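# Commentary on secondary and tertiary structure
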Amino acid sequence: MTRDEKEIAKTAAVAGVGAGVGSAGGATVGVLELAARGLATGFSAGLVIGIGAAAGAGLAYGIYRIFRKGKS
């Protein structure tokens, strides 16, 4: 595995972890509870969870880049 391939794998792993954390955060905000009570639809709950996942991935990637620049 080349250095570039290792860097791509690290970046993908960091973004994946961030997306998982963001999904969990979006789900625990109470969106699922609202959907269960009929105050939000399943679609809107899924949308909020997806946005949380994207935000988590972006935040994790940004933090990773900051730490990576510090090591260089």
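Details of the structure are given in the entry above.
Right, let's walk through the structure included here.

### Examining the overall build of the protein chain
Across its full length, the protein chain holds 2 helices and 0 strands. For the protein chain, the residues scored as buried account for 18% of the 72 residues in total. Of the contacts made within the protein chain by residues no fewer than 6 positions apart, 70% connect residues no fewer than 24 positions apart. Counting every atom, the protein chain has about 5,100 Å² of accessible surface; 69% of that belongs to carbon and sulfur.

### Regarding the pattern of salt bridges
Scanning all chains against the criterion turns up 1 salt bridge. The residue R68 makes a salt bridge to E7 at a minimum N-O spacing of 2.9 Å. Residue R68 is found in helix 2 (residues 42–71), and its partner E7 is found in helix 1 (residues 3–37); the two are separated by 61 residues along the sequence.

### Structural notes on a nonpolar patch on the surface
Taken together, the side chains of F43, L47 and I51 make up a nonpolar region of the molecular surface, amounting to roughly 350 Å² of accessible area. Tracing the chain through its elements places L47 in helix 2. Residue classification places L47 among the partly exposed positions, given a relative accessible area of 46%.

### What about the environment of G52?
Tracing the backbone shows G52 in helix 2. You can call G52 buried: its relative accessible area is 16%. Taking C-alpha positions, G52 is 6.6 Å from G25, a pair spaced 27 residues apart along the chain. Not counting the four nearest positions on each side in its chain, G52 is found in contact with G22 and S23.

### Regarding the environment of E33
Locating E33 in the fold gives a position in helix 1. Residues E33 and A45, spaced 12 residues apart in sequence, show a C-alpha to C-alpha distance of 9.2 Å.

### Points about the side chain of T11
Within the secondary structure, T11 sits in helix 1. Those residues in contact with T11, other than ones at most four positions away along the chain, are Y61 and Y64.

The rules behind these values
- Position numbers for residues count from 1 along each chain, tracking the sequence in the order it is written.
- Confidence filtering applies because this is a predicted model: local features only for residues at pLDDT of at least 70, side-chain atom pairs given and counted only at 80 or more, and all residues used for totals across whole chains, interfaces and linings.
- The basis for every side-chain value is the complete set of heavy atoms in the structure, and neither hydrogens nor water enter the calculation.
- The secondary structure listing takes helices from DSSP runs of H or I that are at least 4 residues long and strands from runs of E that are at least 2 residues long, numbered from the N terminus.
- The classification of residues rests on relative accessible area computed with a 1.4 Å probe and restricted to protein chains. Under 20% of the type maximum is buried, over 50% is exposed, and intermediate values are partly exposed.
- Here, residues are in contact when the closest pair of their heavy atoms is within 4.5 Å.
- What sets the accessible areas is the Shrake-Rupley method with a 1.4 Å probe; for residues, cover comes only from the shown protein chains.
- Salt bridges are defined as contacts in which a side-chain nitrogen from Lys or Arg sits within 4 Å of a carboxyl oxygen from Asp or Glu.
- Each patch is built from residues lacking any salt bridge and having more than 30% relative accessible area; the joining distance is 9 Å for like charges and 5 Å for nonpolar side chains (Val, Leu, Ile, Met, Phe, Trp, Tyr).

Function-wise, these values are silent; they only describe arrangement.
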